[in-house]
Amino acid sequence: MQAQMLAPAAVLVAWSLVMLFWMAFTRLPAMSKGGGLKNAKPGGRGQDLEGVIPDRINWKAHNYAHLMEQPTVFYAAVVIIAIMGPGALDPVFAWIYVAIRIVHSIWQATVNIVSVRFLLFLLSTLALICLAWRAVALTLFADPTLL
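As the structure is a prediction and not an experimental result, all values here were calculated from the model.

Conventions we followed
- Residues numbered from 1 in each chain as written.
- Predicted model: local features only at pLDDT ≥ 70, side-chain atom pairs only at ≥ 80, totals over all residues.
- Heavy atoms only, no water.
- Axes fitted to C-alpha atoms, helices over the stretch in contact; angles between N-to-C directions.
- Helix = DSSP H or I, 4+ residues; strand = E, 2+ residues; numbered from the N terminus.
- Parallel < 35°, antiparallel > 145°, perpendicular 65-115°, else oblique.
- Left-handed = near helix turned anticlockwise from the far one by under 90°.
- Contact = heavy atoms within 4.5 Å.
- Buried < 20%, exposed > 50% of the residue type's maximum accessible area, 1.4 Å probe, protein only.
- Polar contact = N/O pair within 3.5 Å; in protein donor to acceptor, adjacent residues only side chain to side chain.
- Phe/Tyr/Trp six-rings, centres within 6.5 Å; stacked < 30°, edge-to-face > 60°.
- Nonpolar A, V, L, I, M, F, W, Y, C, P; charged D, E, K, R; others polar.
- pLDDT = per-residue confidence, 0-100.
- Core = buried A, V, L, I, M, F, W, Y, C linked by side-chain atoms within 4.5 Å.
- Expected span 1.5 Å × (residues − 1).

Description of the packing of helix 3 (residues 71-84) against helix 5 (residues 114-139)
Reasoning step 1: In contact at an axis separation of 9 Å, helix 3 and helix 5 are set at 40° when each is read in the N-to-C sense. If you check the angle between helix 3 and helix 5, you find them oblique. Of the two elements, helix 3 crosses helix 5, and the hand of that crossing is left-handed. Contacts from Val73, Phe74, Ala77, Ile80, Ile81 and Met84 of helix 3 reach helix 5 at Leu128, Leu131, Ala132, Arg134, Ala135, Leu138 and Thr139.

With respect to the environment of Asn63
Reasoning step 1: Among the structural elements, Asn63 can be located in helix 2 (residues 55-67).
Reasoning step 2: Note on Asn63: relative accessible area 0%, which makes it buried.
Reasoning step 3: Linking Asn63 and Met19, residues 44 residues apart in sequence, is a C-alpha distance of 7.6 Å.
Reasoning step 4: Not counting the four nearest positions on each side in its chain, Asn63 is found in contact with Met19, His104, Ser105 and Gln108.

Observations concerning the side chain of Arg117
Reasoning step 1: For Arg117, the location among the structural elements is in helix 5.
Reasoning step 2: In terms of polar contacts, Arg117 uses its side chain to reach the side chain of Asn112, at 2.6 Å.
Reasoning step 3: The residues touching Arg117, leaving out its near neighbours within four places in the chain, are His66, His104, Trp107, Gln108 and Asn112.

Some details on the packing of aromatic side chains
Reasoning step 1: What the rule picks out here adds up to four aromatic pairs.
Reasoning step 2: Linked through ring pairs, Phe74, Tyr75 and Tyr97 together constitute an aromatic cluster.

Brief notes about the packing of helix 2 against helix 4 (residues 90-110)
Reasoning step 1: Look at helix 2 against helix 4: their axes get within 7 Å of each other, and the N-to-C directions meet at 155°. The angle between helix 2 and helix 4 places the two elements in the roughly antiparallel class. Where helix 2 approaches helix 4, its residues Arg56, Trp59, Lys60, His62, Asn63, His66 and Leu67 are matched on the opposing element by Arg101, His104, Ser105, Gln108, Ala109 and Thr110.
Reasoning step 2: Here the contact of helix 2 with helix 4 is composed, by residue class, of three nonpolar, seven polar and three charged.

Some details on the confidence of the model for the chain
In low-pLDDT segments, the atomic positions of the prediction should not be examined closely.
Reasoning step 1: In this model, the chain carries a mean pLDDT of 90, and residues with pLDDT of at least 70 account for 85%.
Reasoning step 2: Predicted confidence in the chain is weakest over helix 1 (residues 2-33), with a mean pLDDT of 93, and strongest over helix 4, with 98.

With respect to unusual backbone geometry
For residues besides glycine, phi is generally negative; the peptide bonds are generally trans as well.
Reasoning step 1: In this model, Asn112 sits at a positive phi of 60°, which is unusual for a non-glycine residue.
Reasoning step 2: Structurally, the position occupied by Asn112 is in the loop between helix 4 and helix 5.
Reasoning step 3: For Asn112, a relative accessible area of 12% gives the class buried.

Some words on the nonpolar core
Reasoning step 1: Residues Met5, Leu12, Phe74, Tyr97 and Leu131 are the most contacted members of the largest nonpolar core, which totals 20 residues.
Reasoning step 2: Elements with a contribution of two residues or more to this core: helix 1, helix 3, helix 4 and helix 5.
Reasoning step 3: Formed by five residues, the second largest nonpolar core is a distinct cluster that contains Ala30, Met31, Leu49 and Ile57.

Quick look at helix 4
Helical geometry note: an α-helix holds 3.6 residues per turn, so side chains three or four residues apart project in the same direction.
Reasoning step 1: Between its first and last C-alpha atoms helix 4 spans 31 Å; for 21 residues at 1.5 Å apiece the expected length is 30 Å, and the two agree.
Reasoning step 2: Restricting attention to buried positions, one finds in helix 4 the residues Asp90, Pro91, Ala94, Tyr97, Val98, Ile100, Arg101, His104, Ser105, Gln108 and Ala109.
Reasoning step 3: In this structure, the buried side of helix 4 is in contact with helix 1, helix 2, helix 3 and helix 5.
Reasoning step 4: Among the residues trailing helix 4, Asn112 stands out with phi positive, at a value near 60°.

What follows is the structure in structure tokens.
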């Protein structure tokens with residue numbers, strides 16, 4: 001059961017690397033076209049590319065940054081649940097979270113209509129709330145029968 005609980009986290013780690021490469025393989029050519037790499041200021045950051053390269057290119061970087069934010073809470077909850085002993089629904093909520101985050105990534109990197117992106121974020125957050133509650137219930141209350 002622990003492997004079943006950790007598998008969604010491993011998939012999200014792998015997906016984050018997919019987004020990293022997608023970002024790099026679209027940003028680097030866009031920067032090269034305008035001489036961006038040669039003319040980059042020392043110590044420049046990704047945010048400095050806003051308005052320099054097309055927004056559609058930057059969307060991948062925005063999503064990669066998002067994958068380094070809220071999913072850190074997901075990873076912590078998943079590890080806590082895996083250590084304490086997951087219930088039958090815990091892996092389901094973990095897979096729901098990961099599936100929606102992957103759809104969110106693809107949406108943000110390609111279409112990026114914010115209202116849909118927000119709905120996807122909200123749905124994934126609801127799954128994360130379920131996981132966070134389980135992590136609290138399993139540890140603070142030390143009672144796995146709690147939701």
